[in-house]
Structures are given as C-alpha cells and as structure tokens.
Amino acid sequence: MNFLIRLLISALAAMATAYVLPGVKINSFSTALVLAIVLAILNLLVKPVLILLTLPVTIVTLGLFLLVINAVIIMIASSLVSGFKVDGFIWALLFSLVLTVVTGIMNSLAGTNPND
C-alpha cells in the first residue's frame, strides 16, 4: 500500500515539476503515473548498472556524476513514455533535481517513508 501511495506522490510531483519547468512537458496525469512507474523500474534495473559502470568517474567527482546518471535515466524515460517530453539534457538534469526535492517534500508531508 505504501508503494502505491509513493507512486501517486511521484506522479503528482512529476506533474508539478513539469508545470514549473518550461522544457518539460507531461500531457496528463495518466502519463505522469506511467512515468512514475517507468522511473521506478529504470531506477531499479538500469541505474545500478550505470552506477557500477561509472564508478571511477563517480568517485573522482565525489558523487556529483550521479546527477548525470539521474539525467540520463530521465532522458531514457522520455524516450519510453509517450506524452512525456524533455527538451534536452539540461532540462532533464533540472527535472531530476526538482523532482527529487518535490517528491521528498510531498513524501514527508504524507508521512511515507521511502525505505519501507
């Protein structure tokens, strides 16, 4: 149940973030819900592989390269989800940062713990 609530919160956060950033477009809430599911799957399957492959660069940049990996995940999601469009890498990076902050705030307000 907690996973479903976090998924809905992620979809709402994606809609809010797309509303704020002019370089990101989400057509509808159902698109945002599909996006939240795709991002969850990509973060589960693809992100660990990317982190492992780029571990030396991540260590040298003191972890800042993880921001690039998050932007790449957003760009992959943009190509997989119709109705979700990101205008470029910088917008994907900004979307990733703002989405993380908004999701964190919404999760804390809802009282959900992402580690559950």
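Residues numbered from 1 in each chain as written. Predicted model: local features only at pLDDT ≥ 70, side-chain atom pairs only at ≥ 80, totals over all residues. Heavy atoms only, no water.

The protein chain appears in an unreviewed UniProt entry as Phage holin family protein from Chitinophaga sancti.

Membership of the largest hydrophobic core comes to 25 residues, with the highest contact counts inside it found for Leu 35, Phe 84 and Phe 95. Of all the secondary structure elements, the ones that give two or more residues to this core are helix 1 (2-20), strand 1 (24-26), helix 2 (29-53), helix 4 (65-80), strand 2 (84-86) and helix 5 (89-110). The dominant element in this core, judged by the number of residues it contributes, is helix 2, at six residues. Setting aside anything within four residues of it in sequence, one finds Leu 35 in contact with Ala 14, Ile 26, Ala 77, Val 81, Phe 84 and Phe 95. (Core = buried A, V, L, I, M, F, W, Y, C linked by side-chain atoms within 4.5 Å. Buried < 20%, exposed > 50% of the residue type's maximum accessible area, 1.4 Å probe, protein only. Helix = DSSP H or I, 4+ residues; strand = E, 2+ residues; numbered from the N terminus. Contact = heavy atoms within 4.5 Å.)

As a further point, take the packing of aromatic side chains. According to the stated counting rule, one finds one aromatic pair in the structure shown. Ring geometry for Phe 84 and Phe 95: centres 5.5 Å apart, planes at 50 degrees, overall tilted. Residue Phe 84 is found in strand 2, and its partner Phe 95 is found in helix 5; the two are separated by eleven residues along the sequence. This pair shows no difference in class: Phe 84 is buried, exactly as Phe 95 is. (Phe/Tyr/Trp six-rings, centres within 6.5 Å; stacked < 30°, edge-to-face > 60°.)

As a further point, take the layout of surface pockets. Over the atoms rolls a probe the size of a water molecule, and its path tells where empty space is left. When its volume is computed, the largest pocket comes out at roughly 660 Å³. Ser 10, Leu 39, Asn 43, Leu 99 and Thr 103 are the residues nearest the centre of the largest pocket, which is lined by 21 residues in total. Those elements giving two or more residues to the lining of the largest pocket turn out to be helix 1, helix 2, helix 4 and helix 5. Element by element, the count of residues in the lining of the largest pocket is highest for helix 2, at six residues. Within the lining of the largest pocket, the residues separate by chemical class into eleven nonpolar, eight polar and two charged. (1 Å grid on protein atoms, 1.4 Å probe; cavity = no way out; pocket = protein on both sides within 12 Å on 5 of 7 lines; lining within 4 Å. Points joined across faces, edges and corners; volume = space filled by probe spheres on them. Nonpolar A, V, L, I, M, F, W, Y, C, P; charged D, E, K, R; others polar.)

What follows is about the UniProt feature "transmembrane region" (unreviewed entry) in the protein chain. In the numbering used here, UniProt assigns the feature "transmembrane region" (unreviewed entry) to residues 28-46, 53-77 and 89-110. Annotated as residues 53-77, this span is 80% helix and 0% strand, and its ends, taken at the C-alpha atoms, are 20 Å apart. Summarising residues 89-110: 100% helix, 0% strand, and an end-to-end C-alpha distance of 31 Å. (UniProt positions renumbered as here; feature names shortened; annotations may be inferred.)

Checked against the element boundaries, Ser 96 lands in helix 5. Setting aside its immediate chain neighbours within four residues, Ser 96 contacts Asn 70 and Ile 74.

Contact geometry for helix 1 and helix 2: axes closest at 8 Å, N-to-C directions at 120 degrees. With respect to helix 2, the axis of helix 1 lies oblique. Where helix 1 crosses over helix 2, the handedness of that crossing is right-handed. Counted together, Leu 7, Leu 8, Ser 10, Ala 11, Leu 12, Ala 14 and Met 15 of helix 1 and Phe 29, Ala 32, Leu 33, Leu 35, Ala 36 and Ile 37 of helix 2 form the full contact between these two elements. A breakdown of the residues in the contact of helix 1 with helix 2 according to their chemical character gives twelve nonpolar, one polar and no charged. (Axes fitted to C-alpha atoms, helices over the stretch in contact; angles between N-to-C directions. Parallel < 35°, antiparallel > 145°, perpendicular 65-115°, else oblique. Left-handed = near helix turned anticlockwise from the far one by under 90°.)

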